[in-house]
Number of protein chains: 2
Amino acid sequence: MTSHTQPARGTRDFLPADVRRRAYVIDVVRGVYERYGFEPLETPAFEHIETLLGKYGDEGNRLIFKILERGEGGASGRADLALRYDLTVPLARVVAQYQHDLPRVFKRYQIQPVWRADRPARGRFREFYQCDVDAVGSTSPVVEADILGAVTDVLVALGFDDFVIRLNHRRVLAALLAVSGVEPGSQAGALVAIDKLDKIGPDGVAAELAARGIGAASAARLMEAFAAPGDRLAWLEGALETSPDGAAALGELRRIVHLCQANAAGAHVRVDASLARGLSYYTGAIMEVAVEGIGSLGGGGRYDGLVGMFLGRDVPACGFSLGLERIIVVMAERGMFPPRIAAGAVDAVVTFMDEESQADALQMASALRAMAHAVDLYPDAGRKIEKPLKYAAARGARALIIFGEQERARGAATVRNLETREQHSVPRAAAAAAVARLLAASPR
Amino acid sequence: MTSHTQPARGTRDFLPADVRRRAYVIDVVRGVYERYGFEPLETPAFEHIETLLGKYGDEGNRLIFKILERGEGGASGRADLALRYDLTVPLARVVAQYQHDLPRVFKRYQIQPVWRADRPARGRFREFYQCDVDAVGSTSPVVEADILGAVTDVLVALGFDDFVIRLNHRRVLAALLAVSGVEPGSQAGALVAIDKLDKIGPDGVAAELAARGIGAASAARLMEAFAAPGDRLAWLEGALETSPDGAAALGELRRIVHLCQANAAGAHVRVDASLARGLSYYTGAIMEVAVEGIGSLGGGGRYDGLVGMFLGRDVPACGFSLGLERIIVVMAERGMFPPRIAAGAVDAVVTFMDEESQADALQMASALRAMAHAVDLYPDAGRKIEKPLKYAAARGARALIIFGEQERARGAATVRNLETREQHSVPRAAAAAAVARLLAASPR
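Computed from a prediction, not measured in an experiment: that's the story for all the values here.

Trainee: For this particular structure, what's the right way to read the interface of chain A and chain B?
Mentor: Interface extent is often summarised as the accessible area lost during association of the parts. Tallying the contact residues gives 85 residues for chain A and 84 residues for chain B. When residues in the side of chain A that touches chain B are grouped by element, the largest group, six residues, is from helix α15 (residues 358-370) of chain A. For the side of chain A that touches chain B, the class distribution of residues is 44 nonpolar, 21 polar and 20 charged.

Trainee: How should the pairing of strand β16 (residues 423-427) of chain B be read in this particular structure?
Mentor: In regular strands, side chains alternate between the two faces of the sheet. Residues and elements named next belong to chain B. As paired elements, strand β15 (residues 412-417) and β16 share five bridges and run antiparallel to each other. When the bridges of β16 are listed, A412 appears paired with P427. Counting the residues between successive antiparallel strands, the hairpin from β15 to β16 contains five residues, one of them, R421, with a positive phi of roughly 65°.

Trainee: Looking at this structure, I do not really get the domain arrangement of chain A. What am I missing?
Mentor: For chain A, the assigned domains are domain 1 (16-333) and domain 2 (345-441). Each of domain 1 of chain A and domain 2 of chain A has a C-alpha centre, and these two points are 53 Å apart.

Trainee: What is the right way to look at the sheet that holds strand β11 (residues 317-323) of chain B in this model?
Mentor: Residues and elements named next belong to chain B. If you trace the eight strands from one edge of the open sheet to the other, you get β1-β5-β6-β11-β10-β9-β7-β8, paired in mixed fashion. Only two strands of the sheet have a single neighbouring strand rather than two, namely β1 (39-40) and β8 (269-271). Sheet analysis places strand β9 (residues 285-291) next to strand β10 (residues 295-302), joined by six bridges and oriented antiparallel. Looking at the pairing, E288 lines up with G299 of β10.

Trainee: Please clarify how the relation of the copies chain A and chain B should be interpreted in this entry.
Mentor: Taken together, a rotation about one axis and a shift along it account for how the two chain copies relate. Note on the identical chains: chain A maps onto chain B by a rotation of 180° and an axial translation of 0.0 Å, with an RMSD of 0.0 Å. Within this description, the copies of the chain are treated as partners about a two-fold rotation axis.

Trainee: Can you help me understand the environment of A:R108 in this one?
Mentor: Residues and elements named next belong to chain A. With respect to the element layout, R108 can be found in strand β5 (residues 106-115). Sequence-wise, R108 and Y33 are 75 residues apart; in three dimensions their C-alpha atoms are separated by 8.6 Å. The residues touching R108, leaving out its near neighbours within four places in the chain, are F38, E39, L41, L91 and D134.

Trainee: Could you clarify how one ought to interpret unusual backbone geometry in this entry?
Mentor: One non-glycine residue, A:R421, lies in positive phi territory at about 65°. Looking at the secondary structure, you find A:R421 in the loop between β15 (412-417) and β16 (423-427).

Rules used in this analysis
- Residues numbered from 1 in each chain as written.
- Chains lettered and ligands numbered in written order.
- Predicted model: local features only at pLDDT ≥ 70, side-chain atom pairs only at ≥ 80, totals over all residues.
- Contact = placed C-beta atoms within 7 Å.
- Helix = DSSP H or I, 4+ residues; strand = E, 2+ residues; numbered from the N terminus.
- Nonpolar A, V, L, I, M, F, W, Y, C, P; charged D, E, K, R; others polar.
- Pairing = 2+ DSSP bridges.
- Domains from an automatic or database assignment.
- Least-squares fit on C-alpha atoms with pLDDT ≥ 70 in both.

In structure tokens form, the structure reads like this:
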């Protein structure tokens, strides 16, 4: 007897109701992304280890699950493969590998698990799904607007209405740091501090900026940017007028905000100069979906250099990753799932009271399934009807069809309406039709 | 620039057409299993290593992918986790872990990848999907008949008609070996030889039996069992009349064959005394689906002892695993996929000739998507219409909607029918409806 029957740390078993809830969300995501013309891609669970190392920063390297080399004489103790850490690096590899088979603008979605050896916490797992949508091959800001439109449509279709799309630009951030007087050597540290604004508040960020050796005047100017009331774009334009690159990046942001007015994203998008995003590969616009009191449901941005790490020449790209786990946690807490999703009810259960009636029961199940009804067969009724009755109730069935000695003698089936608790004896030849009528009269 | 852009050995990237074909098959499988009342289960990609070791035999232990321990100071060189090797052992663990939450008879399906460090070959991969269906908690032969009915319905729904369900019983095999005079110590070796009948033919098996020290008389008697013409069940009944356990097991087989006549499996099921099945955990009926000239599409059987390895008390179980990869290979070779599955066509492509028309294009895409059309947005048209035309053709679109300077001046959109190559200028306010009419008139 093995001692461990729990799943490994940070992973979960998904029992039927869990799978149904997850499948519901995934179907909505897939439906919207398909409607936007994105195409599905799937990549292997593991990659050559060198494909992943060095793409996610030091922290990422440490959190990658590594697979032992297989060897004739047993394991060498070395790792040559590693589990997928996100869906963006595999996409970049795929674009490099199949460049001649893919359309010039490749729009793909990918919904698969990724693995990170992070410390598990509430809502943070070591195996979790990402729902990614990316467009590779275009620098047009229409791509950002279209992707944000898709993400908005997904969230609205799932029932979210109170989300904000925070929008910023890596080069706006860089310019802001520069004009605030933050030395180039301190900019990366300042970004780390700024990224925590949501978690530790303005005072916390100010303290961390000070601790990182950023002067009080610079810190104050930065904090002002994050706190500026009213039109952030106008404020930033003033602040960055001395920075040509900052002004150009700001022009891109303004363009994206303008284009978003042409679709559903416009009602949600807000420029937020404090958005930093952790991953190092972003080069342009960065975005994050946040819900008040909940935090981030996903994020993304433009990364025009990552594909080049595999291909040797740069290919522009932009994408967004929705976090399935957080969405599901919030939807469950807020009661946003249609009630019957988790139940997975069957229409009817067929059972038998004795061995001689087994074939009759199988035949009835077959007939009903051929009529497209979902029908379970309870295989161990014996003489007592209580067990199949309890089982049928647990499965949410509306009808129980019983075969036994009496029914055999009469050439009949007993059809029980589990909602009204009425039951009737029906001639065998008419029984499937009688069940179909019962089901039609009490739709789910 | 990273040198590897190929996926790791034995794994594959699935480009959009591949994903669509796979999703088509998985949807058919899921639909049938749901109609049979099976419920979905998903388990993590990796398990505690001791959960998997010792469950699949020596060969299995060797082929398990092992994951390095994470440690503060780096990797220890030891493995503590391992990638899922099949879906049956995780099911047994789940049944033990959640015994009080699951129904007394738990019928689940599970469609997930598994990983084996096997030598890759045609149709054999290191990452591949299994589609498993199992019923846990009942010893009734109705379970075998119901599972074989489901497997039959899946294959028929996919378009297979020339398959045979080979059926045998572990205890019939054991009795056959015993009455043929094969010593208990040689029986496991004899099973290995018998399992190769498909691959190496009767002469090959006879030679291997001899090489394994099985006497000529015993070997001849065994070979006779596999070659017996006519009613195998009748022949086996004669051969096993001196073995009470063999006769009892044969009774079970006969019962399963009888019950299968009550559903679609009856037309395909054949008792085949030479079926052995590799895995060691089977205890009763074993079955395999074979297609002439192709080989096995999947197999399964009863395993009444496996759950007990986790739970400490035996729980009966029976299941069947369809191999997705082999099914897809055969369906592709035979042209069994509906032609439009792989195409994943969008209905329309929207594009723009200049920057000023970007918002118009986004708005049109939004309007069409809100009408449930699948619409792609080509983001880089520039002055030439050739690129978006080519792109729209590649996406299988039936309409291309163009916005440019002329259209803006007239308050119009240009709507091009990509099948007839006609195009018209349509007032902006009427353009979405015009596209919808065009799409309705030329359905996919």
